[in-house]
Amino acid sequence: MNGYFKNFLKVDLTDNQVEDFPISNDDLEKYIGGSTLAAKIIYDYVTPGMDSLAPENPLVFATGPFTGSNVPMVSRLAICGISPGTGLWGESTTGGKFPVRMKGTGYDGILITGKAPKPVYLYLKDGRAQIRDASHLWGKDDCYETQKKIKKEVGGKISTACIGVAGEKLIHYSCIMNDEGRAAGRCGMGALMGSKNLKAVVVSGNNKTDLADTKAVKQLIKDAQECIKNDANTNAYKMFGTNWYMDLAMRLGDAPAKYFTKSVFPAAKLHGHEFRSKYNMSHYACSGCPIGCGRIIKDFKPDIKKVDGPEYETVGAFGPLCMNFDIDSVVMANHLCNAHGIDTISVGVSIAFAMYLYEKGLLSKEIAGMEIKWGDSAVILKLVEMIINQEGIGKLLSKGVKKMAEKLGVDPEEAAHVKGLEFPMHDPRAYQGAAISYAVSPRGACHLKGSFYNLDNPAATLGEELGIIFTDKNDPRQKGALATKMIHFTELYNSFTLCQFSPIPASMIAKILCAITGINFETMDLLTFGERSFNLKRAINNKLGVSRQDDKLPKIVRKALQEGATAGIEPDMDQMLKEFYAVSNWDWETGKPKKEKLIGLGLEQAAKDLY
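A short tour of the structure in this document, coming up. Because the structure is a prediction, the values reported are computed rather than measured.

As a further point, take the sheet that holds strand S15 (residues 304-308). Pairing between the strands of a sheet is mediated by backbone hydrogen bonds and can be parallel or antiparallel. Taken together, 3 strands build an open sheet; the order of strands is S13-S14-S15 and the sheet is antiparallel. Two strands bound the open sheet, and with one partner strand each, they are strand S13 (280-284) and S15. In this sheet, adjacent strand axes meet at a mean angle of 25° when their direction is disregarded. Bridge count between S13 and strand S14 (residues 294-301): 5 bridges; the pairing is antiparallel.

Below you can see the structure in the form of structure tokens.
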């Protein structure tokens, strides 16, 4: 298996020790890299009822065989552990320069355990690691200033991944920020990092792995670049970032509004065109990406010279979901989240839930300490700050919608989450396949597992190569079977690693994998890799108590609306779940992959543990 250094750095913060953690060729061939290899490593640490903030909960940074290969759109990194927000499998990804520079250190990843007695940061350069004091950084500055200080302190070409005050305070949905405004946003990995007194991970290096067939890789890079150049969405991403989708999403019924109770709203007020016309905007790209979908707003305010983003998910969460169409407040809310390291999706959903409960009389002014009305941009910004500062009602909102409902005695069917993770800005009523994918996703309400908003349309060509036949997006029949293949395929993006916006087809991905590693993989082998990854993460969740009863959508996100493209549509969860379980060979009573399924995928230890 070429394309790897076959080595992780293992860091024990309790004992202040670092050592090499070799990865066997067999494990690389089975688990590929990224989040899948991270799951293999983390699996051995998982015990029923474990405390996700305990020192023994590992934190893993993992690249894949594509990272650093000069293939376009592969500067991605998976950051994984047991989620502080959900207590289940946690997985987040990020881009920028950090992934390439981390692999350039001569390691495929980092395994971090323990807890430092005082704040520290890890500095890794060209195969040499140091655990340095970070007391002068803890509780002092926002994420941007922290990165600047470390840059001045360390010097050279570095990338820093750090937490802000949200991670230091162990806020359930805090994130990890790198390369200024890039975010590993979901699942609370910032809180896991903060629980270890780890302020930052700093990487530098230009080491390269050996590629099995350099000539073939060079040609495939050209083919991939041509594919990206000719893709219909490339120019839209360049011009508007992911927020090019806002208007189309509303027309498809995919953009939720008023806390998932509406689907029609004035999308033009928050669409990518409006941002470009109102602000001085530029764009930037992750290493090796010819698109550059990252957004930068220049000179937003006299004291805020630059704002990263906002992108579609953030605009949706602070915009229509809260019935807020004040564009300045959306930008400011996004900046506060970036500066202090907190997930914009979970923050926005939690604030929208508070507005929903206030309107229904389930959250009083006395408890909230203020009026929380739809579209009040000043209140939105105040609540963001209160969440970050852990003040008043902000402390409750920082625990997410599941805990909010429990604390306030609200019907759990009103809390928009799956397995504790808040819904993103893709409505499950818009695509039946998305609904089943949300229900069974290993990390909870995840729009990236399945990606039906990208794939379940007549123009998609991915299905042809993987034996997937397009069906009406609103028809639940065969969606359970379709979802298994879609989920297995999309598992791979965080394993190779490859940006999920990449239009590179499955057959080309398989060829790139062959040329890099030297192993002859067929296109359909990709689904086997994805299936193994998905079932391994399911086994982790089963060990932590997940059963079939957890594979569900709350009523608030599945009840048919009376307007827009999804009017009258309610996902047929029972039909799709039964089909999904049958095709996946999962046990209907327990929610576990059947023993023969695990053994067939080479997951013998999981089979032994679960049975």
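This paragraph deals with unusual backbone geometry. Cis geometry marks the peptide bond from Gly-309 to Pro-310; its omega dihedral reads 0°. Here Pro-310 is to be found in the loop between S15 and helix H11 (312-318). Of the consecutive residues Phe-496 and Thr-497, the connecting peptide bond is found in the cis state with omega at -15°. As for its placement among the helices and strands, Thr-497 is situated in the loop between helix H22 (493-496) and helix H23 (506-517).

Looking at the second largest pocket, its volume works out to about 620 Å³. What lines the second largest pocket is a set of 27 residues, and nearest its centre among them are Tyr-144, Lys-148, Asp-179, Glu-180 and Lys-306. Elements with a contribution of two residues or more to the lining of the second largest pocket: helix H4 (143-154), strand S9 (159-162) and S15. In terms of residue count, H4 provides more of the lining of the second largest pocket than any other element does, 5 residues in total. Within the lining of the second largest pocket, the residues separate by chemical class into 7 nonpolar, 7 polar and 13 charged.

Another aspect to go through is the pairing of strand S6 (residues 109-113). With 5 of 5 residues buried, S6 lies mostly within the body of the structure. Going residue by residue along S6, you find Gly-109, Leu-111 and Thr-113 tucked away on one face and Ile-110 and Ile-112 tucked away on the opposite face as well. Both strand S1 (residues 7-12) and S6 contribute to a ladder of 5 bridges, which runs parallel. Considered in S6, the bridge of Phe-8 is made with Gly-109. Both strand S3 (residues 59-62) and S6 contribute to a ladder of 4 bridges, which runs antiparallel. In the sheet register, Leu-59 faces S6, and the bridge partner there is Ile-112.

Under the definition given, this model contains 22 aromatic pairs. Seen from their ring centres, Tyr-259 and Phe-260 are 5.5 Å apart, and the 75° between their planes marks the pair as edge-to-face. Here the two residues Tyr-259 and Phe-260 agree in accessibility, since each one is buried. Ring centres of Tyr-581 and Trp-586 lie 5.5 Å apart, and the angle between their planes is 85°; on these two criteria the pair is classed as edge-to-face. Relative accessible area serves as the criterion here: at 3%, Trp-586 is assigned to the buried category. Cluster of aromatic residues (ring-pair linked, three or more members): Tyr-259, Phe-260, Phe-353, Tyr-356, Phe-423 and Tyr-438. Across from the ring centre of Tyr-431, 4.8 Å away, lies the NZ or CZ of Lys-473, which sits over that ring.

About the criteria used
- Residues numbered from 1 in each chain as written.
- Predicted model: local features only at pLDDT ≥ 70, side-chain atom pairs only at ≥ 80, totals over all residues.
- Heavy atoms only, no water.
- Pairing = 2+ DSSP bridges.
- Helix = DSSP H or I, 4+ residues; strand = E, 2+ residues; numbered from the N terminus.
- Axes fitted to C-alpha atoms, helices over the stretch in contact; angles between N-to-C directions.
- 1 Å grid on protein atoms, 1.4 Å probe; cavity = no way out; pocket = protein on both sides within 12 Å on 5 of 7 lines; lining within 4 Å.
- Points joined across faces, edges and corners; volume = space filled by probe spheres on them.
- Nonpolar A, V, L, I, M, F, W, Y, C, P; charged D, E, K, R; others polar.
- Buried < 20%, exposed > 50% of the residue type's maximum accessible area, 1.4 Å probe, protein only.
- Phe/Tyr/Trp six-rings, centres within 6.5 Å; stacked < 30°, edge-to-face > 60°.
- Lys NZ or Arg CZ within 6 Å of the ring centre and 35° of its normal.

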